[in-house]
Amino acid sequence: MLYAILSEDVPDSLEKRKSVRALHIARLDELKNQGRLVLAGPHPAVDSPDPGDAGFTGSLIIAEFDSQQHAQEWADADPYIEAGVYAKVVVKPFKRVLP
């Protein structure tokens with residue numbers, strides 16, 4: 001089943017994000033290579049694809065997991081958690097309708 005992982009950043013998270021971004025992306029690449037990643041990306045803090053120093057306010061990942069528990073465990077192991085990037089992470093079942 002698909003799950004949406006919605007993450008909310010702490011204020012001024014940009015430097016923390018940068019410090020572990022490669023590790024975060026490596027985990028997403030692993031999901032992608034397994035054919036389980038639908039989409040992933042951050043929420044820019046300003047209305048721009050490149051927010052510069054404004055940074056990001058959170059992230060969205062939609063991926064396939066065996067259960068909500070497995071999705072939560074995967075989300076809890078994100079390097080952004082350990083680095084203090086995320087203030088809050090919510091994992092919800094997701095039903096894809098389109099496309």
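The structure we're discussing is the one just above.
Every residue gets a number counted from 1 within its own chain, in the order that chain's sequence is written. With pLDDT at 70 or above as the cut-off, local features in this predicted model cover only qualifying residues; side-chain atom pairs require 80 or more to be listed or tallied, and sums for whole chains, interfaces and linings still use all residues. Only hydrogens and water are set aside; all other atoms, that is, all heavy atoms of the structure, feed into the side-chain values.

Draft legend 1. Structural detail: helix 1 (residues 14-33). Strands are runs of DSSP state E lasting at least 2 residues, helices are runs of H or I lasting at least 4, and numbering of each runs from the N terminus. In this analysis, the expected span of each helix is defined as 1.5 Å times one less than the number of residues it contains. The end-to-end C-alpha distance of helix 1 is 27 Å, a good match for the 28 Å that 20 residues give at a rise of 1.5 Å each. Taken as a whole, helix 1 carries its principal kink of about 60 degrees at V20. In this scheme, a residue with accessible area under 20% of its type's maximum is buried, one over 50% is exposed, and one in between is partly exposed, where area comes from a 1.4 Å probe on protein chains only. Regarding helix 1, the residues found buried are L14, R17, V20, H24, R27, L28 and L31. The inward-facing, buried residues of helix 1 contact strand 1 (2-9), strand 2 (37-44), strand 3 (56-64), helix 2 (68-76), helix 3 (79-82) and strand 4 (86-94). Phi for G35, located one or two positions after helix 1, is positive at around 75 degrees. Fitting one axis to the seven residues ending at a residue and another to the seven starting there, the bend at that residue is the angle between the two axes. Whether two residues are in contact is decided by their heavy atoms, any of which lying within 4.5 Å being enough.

Draft legend 2. Geometry of unusual backbone geometry. With an omega of -25 degrees, the peptide bond running from L98 to P99 counts as cis. Looking at the element boundaries, P99 is found in the segment after strand 4.

Draft legend 3. Region of the structure containing the nonpolar core. We call a set of buried residues a nonpolar core when its members are Ala, Val, Leu, Ile, Met, Phe, Trp, Tyr or Cys and they connect through side-chain atoms within 4.5 Å of each other. Counting residues in each nonpolar core, the largest one holds eleven residues, listed as Y3, I5, L28, L31, I61, A63, F65, A71, W74, A75 and V91. When residues of this core are traced back to their parent elements, those giving at least two are strand 1, helix 1, strand 3 and helix 2. Here this core takes three residues from helix 2, the largest share from any one element. When residues no more than four places from it in sequence are discounted, the contact partners of W74 are I5, R27, L28, L31, I61 and F65.

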